[in-house]
Amino acid sequence: MIKIHFYIRFSTRYGQSLHVSGNTDALGNNDPSKALALNYLSDEYWYGVTETESPADQDNIIYRYHLKDENGESVTEWGNDRHLQPGITGNREVWVVDTWNHAGEFENAFFTAPFADVLLTSHTGKGKSDSSKKYTHIFRVKAPLLKKNEVLALTGSTEWLRDWDENNPLRMERKGNWWEIRLPLQDAHFPVAYKYLVWNQKEKSFVRFEEGDNRLITQEATEGRVCILHDGFARLPNNTWKGAGVAIPVFSLRSENGFGVGEFNDIRLLADWAKKTGLKLIQLLPVNDTTATHTWLDSYPYAAISAFALHPLYINLPKVAGKTYASALGSLKKKQKHLNEEAVVDYEEVMKVKLAVLKELYAVMGGECLASDDYRKFFRNNQHWLQPYAAFCYLRDKYGSARFEEWKTHRSYRRTDIEKMFSSTHAAYDAVGFYCFVQYHLHLQLQDAVDYAHKKGVVIKGDIPIGIYRHGCDAWVQPELYNMDWQAGAPPDDFAAVGQNWGFPTYNWKSMQEDGFAWWKQRFEQMSRYFDAFRIDHILGFFRIWSIPAHAVQGIMGRFVPCLPVHINEFGEMGIWFDTQRFCKPFIIEEVLWEIFGERSGWVKEQFLLPADGGYYELSPDYATQVQVEKYFSDLENTPENEAVKAGLFDLISNVILFEESGSMGQEYHFRIAMDKTSSFRHLIPHVQEKLRELYINYFYRRQDQFWFREAMHKLPVLKAATNMLVCGEDLGMVPGCVPDVMRQTGILSLEIQRMPKDPEKEFFHPNDAPYLSVITPSTHDMSTIRGWWEENREKTQHFYNHVMGQWGEAPAYCEAWINRAIILQHLYSPAMWSVFQLQDLLGMSETLRREKPQEERINTPANPRNYWQYRMHFSLESLLEQDTFNDELKGYLQNSGRS
């Protein structure tokens, strides 16, 4: 038996406790609920001891610590790389002294995939170690940001630690994430003071000591005992690394040999340009298959029919054909030339041509491809999603619709039935094989592009949508994971006055937690094959999601879920006489009707309303919901008059103060967002208005914070731990007060945008105020570019010009190149880890390269649910690579700002 003593440096508060779990029976076999409970030792340490069996089968014990509070809530420290090897030491006792690894430590980011695999691989060597073969103490510490030729070393207050001789320290060796040295301290007088230092092994010279007080060893050396010190991170500057990137959708790339749309193969050219200018990151929009209707509506990249399948839009036909079948593409040159000369993406035509050619290629090379060992390996590794996806596509095309609830067969997914389609004797075999064939080639092409970018020192950042498509494969296969009666969206803001309705079903988090978030983990595993980092679209949805009932059209009819409701007793406590009819039903009187419809109010009353008591009106049962109204007008001619009446009826339906919580028997309620802007609220007496406003503020801005904090901490740490990609969150919109704390605790990078300050007291966010763990950008795909924004609001532009740019006088009417450049430079000199720019904003620094009309640079308008995503670069990537003057200037800006 070997006895292991655990010491963890951690200061707790009353009610908290610490536990250690690991891959042994004594440590609960990695089950936190069975972890070893530690004992409080002092304000600085917790302690525990356990015994393990023969070292033969326990040579590598991996363990981690958990912090629990009095409510049973648990937080697990970050990482899974702390280990000990009692079998190797030959000792009867092992003492480990550990430091809690807080997920929010800056250094943890540098052990994620983009840094560990690409960006920092050449910075340090392993180092030549001064370790002893016979030892009593093992020192381990991390230092991810050492420069080339730098290693860690150690010295201290005993001759065994070289008596503080900085010019002759004990050099450490890099082993995995740790720097390590093994030393004999049996003759030392304890406690022993020591410090880590940076040593240049090429120059054989001292660089610097770590910051802070000396470290102390108090655990003495005795026969049969070894002490392992995991000292966390060396106290060195940890916010010095900064990088810059370019953001552009794949479909927006333009190359000279393109097919009217960007392709995965074009990422290689973009990586060449990034390398040439010093950019380190390429950020893309989602690249999953969105083919639901075979129309331009499928251009919306956030409505994927599969969270795993790649989009055929991005395939390069010549690479599929290869030299052997290149002749099959000869007749396409005229069509290709026409499509590639288009200013924007012709989504329908590109997809039509590509799918037709892919089917021709499949007919002549599909059998050979599907029989290859490489394809079979791909199929085995992706079978869990590839089979249902291929079957879904086959059934979608067979029945002419992605709405699986309308199919004649297979409305409900059954795995055994789907697997039969992949038998060579099944009638659907060739059809489902085609979709597997396309996915295989998409995989090869994207993997090739990513590998090429990595060789150029460029990392790829992907995008995970917050939702899944309602009529897609994921909903078909596992409908229990989603709330199909709800629609995800966003509350009203400056960009969408009536909110946004994305149409996605919301996640059933309770169901997802039951299998340990298996779907999410599979999704992350799939993404990690191609991406080094990813952006979580609308990360606020992990705290609470804006949920709109199925009967509503506008986002303004939604509420946050989960959310603590207002109990009916609270209204009484505020001195409000609760009137269900008045607060929960649309408030409709003559004055409101005239205000909305004017002279058409008479016709509206006759067609859509019924008279009620007291001079009120109520909606006819046939038009009581927004969906019913939408359906009525969908059969009419689309005229401005009809659209105005429809919008007015939507306003009537949303003219309420409260929504009743379903199933609460009239006891619990939720406030309608922007309640105070409704005519219903305006017609209340001042006393009731005041008291309702107090409850409203409490409901939205106070009572939910801890509740939402716990909701996020139940999900995000688990999901983040499932991948080694760098995780970035899009934390914009109506941000709860708990969000910054959760982002810090989990080490997830925030998104900071100059014109969308998170502080409601500020008109603009200044790049100088960005936290280090953040991505800062002047615009996103959901916004106008710098140049477009400059022309939108003259008053705001003038204020920005004078107070943010520090310029005197009247602002120019148009965003001249020097203004665009100044804004880019503000972001480059920000303390944020990453500055990422839309390509349009970078080109805006050049009077000759920028697009003529800035309005044509915008990719998406969130307020428009039928936006056509078809933006393309206005010149080719090959041409961009030849712009030496611009490229050299951009490279200089990056170098001078420390981002290259």
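Structure shown above.
To start, this report covers the structure provided alongside it. (Residues numbered from 1 in each chain as written. Predicted model: local features only at pLDDT ≥ 70, side-chain atom pairs only at ≥ 80, totals over all residues. Heavy atoms only, no water.)

## What to know about the sheet that holds strand 14 (residues 178-183)
Spatially, the eight strands line up as an open sheet ordered 4-5-1-9-18-10-14-13, and their pairing is mixed. Two strands bound the open sheet, and with one partner strand each, they are strand 4 (39-40) and strand 13 (173-175). (Pairing = 2+ DSSP bridges. Helix = DSSP H or I, 4+ residues; strand = E, 2+ residues; numbered from the N terminus.)

## Considering the sheet that holds strand 33 (residues 668-671)
In space, the three strands of this open sheet follow the order 29-33-32, with antiparallel pairing throughout. What marks the edges here is a single partner per strand, and that holds for strand 29 (566-567) and strand 32 (658-660). Pairing between strand 29 and strand 33: two bridges, direction antiparallel. In the sheet register, V566 faces strand 33, and the bridge partner there is Y669. The strands that helix 20 (residues 686-701) touches are strand 29 and strand 33; relative to strand 33, the one it contacts most, it runs at about 90°. (Contact = heavy atoms within 4.5 Å. Axes fitted to C-alpha atoms, helices over the stretch in contact; angles between N-to-C directions.)

## As for the nonpolar core
In this structure, W273, W520, F671 and L692 are the most contacted members of the largest nonpolar core, which totals 205 residues. Of the residues forming this core, the biggest block, 13 residues, is contributed by helix 9 (residues 429-455). What F671 contacts, discounting residues up to four positions off in sequence, is V566, F571, I657, L658, L692, L695, Y696, Y699 and F700. Judged by nonpolar contacts, the second largest core, of 33 residues, contains L154, L183, L185 and V198. (Core = buried A, V, L, I, M, F, W, Y, C linked by side-chain atoms within 4.5 Å. Buried < 20%, exposed > 50% of the residue type's maximum accessible area, 1.4 Å probe, protein only.)

## Here's the deal with the packing of helix 17 (residues 626-634) against helix 18 (residues 640-653)
Where helix 17 contacts helix 18, the axes come no closer than 10 Å and their chain directions differ by 170°. The orientation of helix 17 with respect to helix 18, classified from their angle, is roughly antiparallel. Residues Q626, V629, E630 and F633 of helix 17 lie in contact with helix 18, whose contacting residues are N642, V645, K646, L649, F650 and I653. Along the lines of polarity and charge, the residues of the contact of helix 17 with helix 18 split into six nonpolar, two polar and two charged. (Parallel < 35°, antiparallel > 145°, perpendicular 65-115°, else oblique. Nonpolar A, V, L, I, M, F, W, Y, C, P; charged D, E, K, R; others polar.)

## Let's talk about unusual backbone geometry
Each neighbour pair has its own omega, and for F190 with P191 the value is 0°, a cis peptide bond. Note that the residue after V561, namely P562, is joined by a cis bond; omega there is -5°. Take P562: it is sitting in the loop between strand 28 (559-561) and strand 29. Backbone geometry at D163 places phi at a positive 50°, although glycine is not the residue there. By the element assignment, D163 lies in the loop between strand 11 (150-156) and strand 12 (170-171). Residue classification places D163 among the partly exposed residues on the basis of a relative accessible area of 48%. The residue K204 is not glycine, and still its phi comes out positive at about 55°. Along the chain, K204 falls in the loop between strand 15 (192-200) and strand 16 (205-209).

## Brief notes about helix 7 (residues 373-399)
Taking 1.5 Å as the rise per residue, helix 7 with 27 residues should run 39 Å; its terminal C-alpha atoms sit only 33 Å apart, a clear shortfall. The sharpest bend along helix 7 measures roughly 95° and falls at Q383. One or two positions beyond helix 7, positive phi appears at G400, with a value near 70°. (Expected span 1.5 Å × (residues − 1). Bend = angle between axes of the 7 residues up to and from the residue.)

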